[in-house]
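Spelled out from the first residue to the last, the chains are:
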Amino acid sequence: MSAAGGVPGSGHEVPGGTWRGISFEDRMSTVEFRVGERAHITVDSDVCRSCTTKACVTACPANLFAPTSEGGILFNYEECFECGTCYMVCNHEGAITWTYPDGGLGVVFHHG
Amino acid sequence: MDDIRPGPMVVACIRITDLRPQIEPLSGTVVREPWSTGLSPPDAAALEYSFRIAEAWSGHVVVITAAPPSADAVLRDARALGATVLRIAVGSPSSDQAYMDDLGSDERAMAGMIVAALAPFGRPSLVVCGDRSSDRGTGALPAFLAHELGAAQALGLVAITTTDQESMVVAERRLDGGWRERLHVPCPAVCSVEGAGVRLRRASLTATLAAQRTEIPQVTAAGGPGTTRGTHPGGPAEVVVGPGRPFRPRTRVVPAPDGDDPRLRLLALTGALVAHDPPTVVGPIDAAGAADALLAFLIRHGYLDTEPVGEEAATEGTR
Amino acid sequence: MGKADVVPTPGVSSDTPAFDAVVVGAGPAGSATALALARAGRSVVLVERGPFPGSKNVYGGVVYGRVLDEVVPGWWNEVPVERWVVRRSTMMMTGTQSLAVDYRSAAWGEAPYNGMTTVRSRFDNWLATKAVEAGAQLVTSTVATGLLRDGHGRIVGVRTDRDQGELRANVVVACDGVNSLLAKEAGLMAPAEASHHTLGVKEVLDLPGHVIDERFGLRRDEGVDIEMLGCTRGIPGGGFLYTNSDTVSLGVVLSLPHLAEAKVRPEELIADLKNHPSVAPYLRGATLREYAAHLIPEGGYDTMPTMVTDGMLVAGDAAAMTLAAGLWLEGVNFAIGSGLAAGRAVDRAIAAGDCSAKGLASYRSDLEGQFVLADHKRFRKAPALVLSERIQQRYPGLICDLVDGMFTVTNPVPKPGGVRLTRSVAAKHGVKLRQLAADTVRALRVFG
Ligand SMILES: Cc1cc2nc3c(=O)[nH]c(=O)nc-3n(C[C@H](O)[C@H](O)[C@H](O)COP(=O)(O)OP(=O)(O)OC[C@H]3O[C@@H](n4cnc5c(N)ncnc54)[C@H](O)[C@@H]3O)c2cc1C
Ligand code: SF4
Ligand code: SF4
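Given the structure is predicted, the values throughout are model-derived calculations rather than measurements.

Analysis parameters
- Residues numbered from 1 in each chain as written.
- Chains lettered and ligands numbered in written order.
- Predicted model: local features only at pLDDT ≥ 70, side-chain atom pairs only at ≥ 80, totals over all residues.
- Heavy atoms only, no water.
- Helix = DSSP H or I, 4+ residues; strand = E, 2+ residues; numbered from the N terminus.
- Buried < 20%, exposed > 50% of the residue type's maximum accessible area, 1.4 Å probe, protein only.
- Contact = heavy atoms within 4.5 Å.
- Areas by Shrake-Rupley, 256 points an atom, 1.4 Å probe, with all protein chains shown as cover.
- Salt bridge = Lys/Arg side-chain N within 4 Å of Asp/Glu carboxyl O.
- Pairing = 2+ DSSP bridges.
- Axes fitted to C-alpha atoms, helices over the stretch in contact; angles between N-to-C directions.
- Near = heavy atom within 4 Å.
- Nonpolar A, V, L, I, M, F, W, Y, C, P; charged D, E, K, R; others polar.
- Left-handed = near helix turned anticlockwise from the far one by under 90°.
- Expected span 1.5 Å × (residues − 1).
- Buried area = accessible area lost by both parts, 1.4 Å probe.
- Polar contact = N/O pair within 3.5 Å; in protein donor to acceptor, adjacent residues only side chain to side chain.
- Phe/Tyr/Trp six-rings, centres within 6.5 Å; stacked < 30°, edge-to-face > 60°.
- Lys NZ or Arg CZ within 6 Å of the ring centre and 35° of its normal.

(A) Highlighting the overall build of chain C. Scanning chain C from N- to C-terminus turns up 14 helices and 19 strands. Summarising its shape, the C-alpha atoms of chain C cover approximately 90 × 45 × 40 Å along the three principal directions. Considering chain C as a whole, with its 448 residues, one finds that 61% of them fall into the buried category. Counting only contacts in chain C whose residues sit at least 6 apart along the sequence, the fraction spanning at least 24 positions is 73%. Of the roughly 16500 Å² of accessible surface on chain C, a fraction of 55% belongs to carbon and sulfur atoms.

(B) View of the pattern of salt bridges. Residue and element names in this part refer to chain B. Summed over all chains, the structure comprises 39 salt bridges over all chains. When the shortest N-O distance is used, the salt bridge between Glu 172 and Arg 180 registers 3.1 Å. Taking the relative accessible area as the measure of exposure, Glu 172 reaches 18% and is therefore buried. Taking relative accessible area as the criterion, Arg 180 reaches 45% and is therefore assigned partly exposed. Two residues, Arg 173 and Glu 181, come together in a salt bridge whose shortest N-O distance is 2.8 Å. Glu 181 sits in the partly exposed class, given a relative accessible area of 24%.

(C) Broad picture of the sheet that holds strand 6 (residues 60-67) of chain B. All names here are of chain B. As summarised here, the arrangement of the nine strands in space is 11-10-9-12-8-1-6-7-13, forming an open sheet in which the pairing is mixed. The strands lining the two open edges of the sheet, one partner per strand, are strand 11 (180-186) and strand 13 (218-220). The mean angle between the axes of side-by-side strands here comes to 35°, regardless of whether they run parallel or antiparallel. With respect to the sheet, helix 4 (residues 107-118) is in contact with strand 1 (9-13), strand 6, strand 7 (84-89) and strand 13, its orientation differing from that of strand 6 by roughly 140°.

(D) Structural context of the site of ligand 3. Neighbouring residues of ligand 3: 15 residues in total, closest Cys 60, Cys 80, Cys 83, Gly 84 and Cys 86 of chain A. Broken down by class, the residue content of the shell around ligand 3 amounts to 12 nonpolar, two polar and one charged.

(E) Up close: the pairing of strand 12 (residues 222-229) of chain C. Residue and element names in this part refer to chain C. Within strand 12, eight of the eight residues are buried, which leaves the element mostly enclosed by the surrounding structure. By the alternation rule, side chains of strand 12 split into Glu 222, Val 224, Ile 226 and Met 228 and Gly 223, Asp 225, Glu 227 and Leu 229, which are all buried. Taken together, the eight bridges between strand 4 (residues 83-93) and strand 12 define a ladder with parallel strand orientation. Bridged to Met 91 within strand 12 is Met 228.

(F) Expanded view of the packing of helix 8 (residues 332-352) of chain C against helix 9 (residues 362-369) of chain C. Residues and elements named next belong to chain C. Across the interface, helix 8 lies against helix 9 with an axial gap of 9 Å and an inter-helix angle of 140°. Between helix 8 and helix 9 the crossing geometry is right-handed. For the pair helix 8 and helix 9, the contacting residues are Gly 337, Ser 338, Ala 341, Ala 342, Arg 344, Ala 345 and Arg 348 in the first and Ser 362, Tyr 363, Asp 366 and Leu 367 in the second. Considered class by class, the residues forming the contact of helix 8 with helix 9 number five nonpolar, three polar and three charged.

(G) Looking closely at the site of ligand 2. In the neighbourhood of ligand 2, the contacting residues comprise Cys 48, Cys 51, Lys 54, Ala 55, Cys 56, Ile 73, Cys 90, Asn 91, His 92, Ala 95 and Ile 96 of chain A. Class assignment of the residues belonging to the shell around ligand 2 gives a composition of eight nonpolar, two polar and one charged.

(H) Structural view of helix 8 (residues 287-300) of chain B. With 14 residues, helix 8 of chain B extends 20 Å from end C-alpha to end C-alpha; this agrees with the ideal 20 Å at 1.5 Å per step. Of the residues flanking the end of helix 8 of chain B, it is Gly 302 of chain B, one or two places downstream, whose phi is positive at about 80°.

(I) Spotlight on the interface of chain B and chain A. Contact with chain B, which involves six residues of that partner, is made by 13 residues of chain A. Interface of chain B and chain A: buried area, both sides summed, is about 680 Å²; carbon and sulfur atoms make up 43% of it. Of all residues in chain B, Arg 20, Arg 199 and Arg 202 of chain B bury the most surface against chain A, accounting for 74% of the area lost on that side. One can count one salt bridge joining chain B with chain A. Residues Arg 199 of chain B and Glu 37 of chain A are paired through a salt bridge, measuring 3.2 Å at the closest nitrogen-oxygen approach. On the surface where chain B and chain A come into contact, there are three residue pairs in polar contact (both at pLDDT 80 or more). Residues belonging to the side of chain B that touches chain A are distributed by class as follows: one nonpolar, two polar and three charged.

(J) Molecular detail of the packing of aromatic side chains. According to the stated counting rule, one finds 14 aromatic pairs over all chains in the structure shown. Centroid distance Phe 240 of chain C to Tyr 242 of chain C: 5.3 Å. Interplanar angle 25°. Geometry classified as stacked. The same class applies to Phe 240 of chain C as to Tyr 242 of chain C, namely buried. Here a set of aromatic residues connected by ring pairs shows up, and it is made of Phe 33, Phe 81 and Phe 109 of chain A together with Tyr 291 of chain C. Above the plane of the ring of Tyr 291 of chain C lies Arg 27 of chain A, whose end atom (NZ or CZ) is 4.5 Å from the centre.

Put into structure tokens, the structure is as follows:
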């Protein structure tokens, strides 16, 4: 197991060493995304600056919300599951504008 | 069959296939699903360029593919965009044997089949293909098509634009180091394009609905994939590729550097601070001259020890 | 979004609509609606935003197929099944312990079967193809972006994201899933409430078929369905594991507000589960094939929206119809059931020439009479109970310790008696015997 995935006590160690950890990039690389040119979700970083929970950061299953050093949010729309978690847990009206990607684009699940 | 239309004809020759087939980890069996068939980025780009050029020329687009019926959905989308579509029926690749036969089939024979199927539509001014398909991936078909059509070829392009003459397109191709070359390609021509830079347009809803219920015209493969290599009847003289050994240059043994300081030994070994030979610029020269220059380079650096014999390596310049 | 605006859509004339119905979303609900309408001879368009039906859809893994009797007699001979579930196991777990209630039925392995594991790309395509064969028109790669209304505010169609993209119809059926932007735009559904939703994250793991057979005690096309409680670090929810032909689906379902509050990343909870001593041996050597995430509407009966308005009705997850009575997630069967009912109701309304809310009202009464709403009503208290703090955080540990106390051989110290053991274990977990008894009664009422 790689050093990154298998730090004892991190919750990723494996009984008997059989379950290999997987990096988040490798995890996301198993998913097909047909990326469109339009950002279907936008985040208003100015609104986020006054947010105390930053709930989106840990809850987004695709890990697309990155807190910035100025207290805002950097958001990338490309590898999004279109699940809706972010706008539901967001605690500031107007921080997130949420739509679907254009027809045929976005995530494509093959084993959903 | 769709009506034969006036104006220059631009052909998009595309491969429609499962874009993310599954591979059984143990057996290596490839599983392809009919509904996830689609256009790979190079093929989508080929289709988009076809429409752009046909528009500029006030011409029309013919889309042709050799595929099983699962390709019809993609062809209907192309029809909704205004193209004439045509499918050469080939065996369903749902069985692995059929697929292996397809892979083993002769691309030259395939090119012959495509040219024959296009014949009733007239002579294409331009044929655009993807530079490689996601499953077969050789990228050789466009060259064979050019040969069959007696057309010029320009392969692996990043852009095709029209000029004020209909007998010429301007194409761009990537070179090393971020450079691009610009080619003036006389028509009729076969071009293959990279899957970058353009997006395939979307059809209107009205056209999509209208195209849905239509039948896709189908021609049966004369000969068909699976025809053995090099038996294309009546074709021009062919290049015969005999059995050969892969080229494996000998390893050069680098002696261990002397000295006690590991840092210096490492520097000597990697040549990190040593000045390099500047790149040699040969050309512009013709194909035979370039081949000679390459061989001379290999001999100079010890990868080949003898002069090549005879005239074997010399080839005709292409059209 | 928000309240229904009654401004007529510019450019919408009052000529006869192009279709009897437009159905948005080719999930199980939409395909079933389109199928019922097409079979009734109505013209129907089915609009799907993904490149193929199922491409946007994720679920755990089991479809309870009996609802398909109405769709295709003998459906089990042609449905794209992975395995027939013959074994169902519910596990209570703590970090190191687990107790499973395991049920196996030979009858479940024979037609008409009980549940099957299947993959949504295959299943949703199969059902959509049935609708197309019956005469529905399917348009993929097209998003319905909004509703068209006439001068009276009546819904008369949808707008899509294609050129010339307006689709006019007598009735719009919104089967657009859990986020249903259309139900919200129509004012049928309140703005989304995190507490009525759970997030499901799932890994599909490659494991050769014969290895699955051996590890789970299965033969050929037999499958197992395992639901797990107590494996989510106290976040209300649970875990699941389903066997497919040569993959297993493993995931967790997590209450949204609690997930947000706990500041734990969802994939860490999956990693926990994969490393649990009761789960890890099943998965040895498995590799990740696809990772996925999707929301589930878990509010149940009490949070369902108004289902009809003038010119529109809502079915499936768009109407919050997943039954999450515990971990037993059933949504596909309810989606199909409600879709078929929606199709019938629209057919009746068109025949009667009244597509107003009143004309479509038979939809709701039809649902009430069937399993769709009957089951939901019966289990209406289940979400609250199953997601309650005691069930989620205390009982799994309590039950495991109880069994531990009974099974662990402590010779020569005599075993404690049953009641004394229960009381001491319950006390350790901060549960009073009175509460335990009360919850048992509550559970019997909810599920009994
Ligand atoms: C993790 C998880 C596990 C589950 N496990 C199970 C289980 O084991 N068994 C079970 O029976 N159920 C399960 N469910 C529930 C089940 O998945 C749903 O109840 C079911 O999919 C609902 O079907 P539907 O047709 O209503 O919606 P969906 O399946 O969500 O389909 C909605 C469709 O509408 C399309 N769409 C949405 N908006 C638009 C638009 N604007 N324009 C065009 N198209 C649009 C979407 O692309 C999608 O195809 C689970 C759900 C989850 C998330
Ligand atoms: S929860 Fe909402 S407001 Fe807060 S940081 Fe995230 S997006 Fe911004
Ligand atoms: S929709 Fe889901 S995956 Fe996409 S950004 Fe929001 S939370 Fe993340």
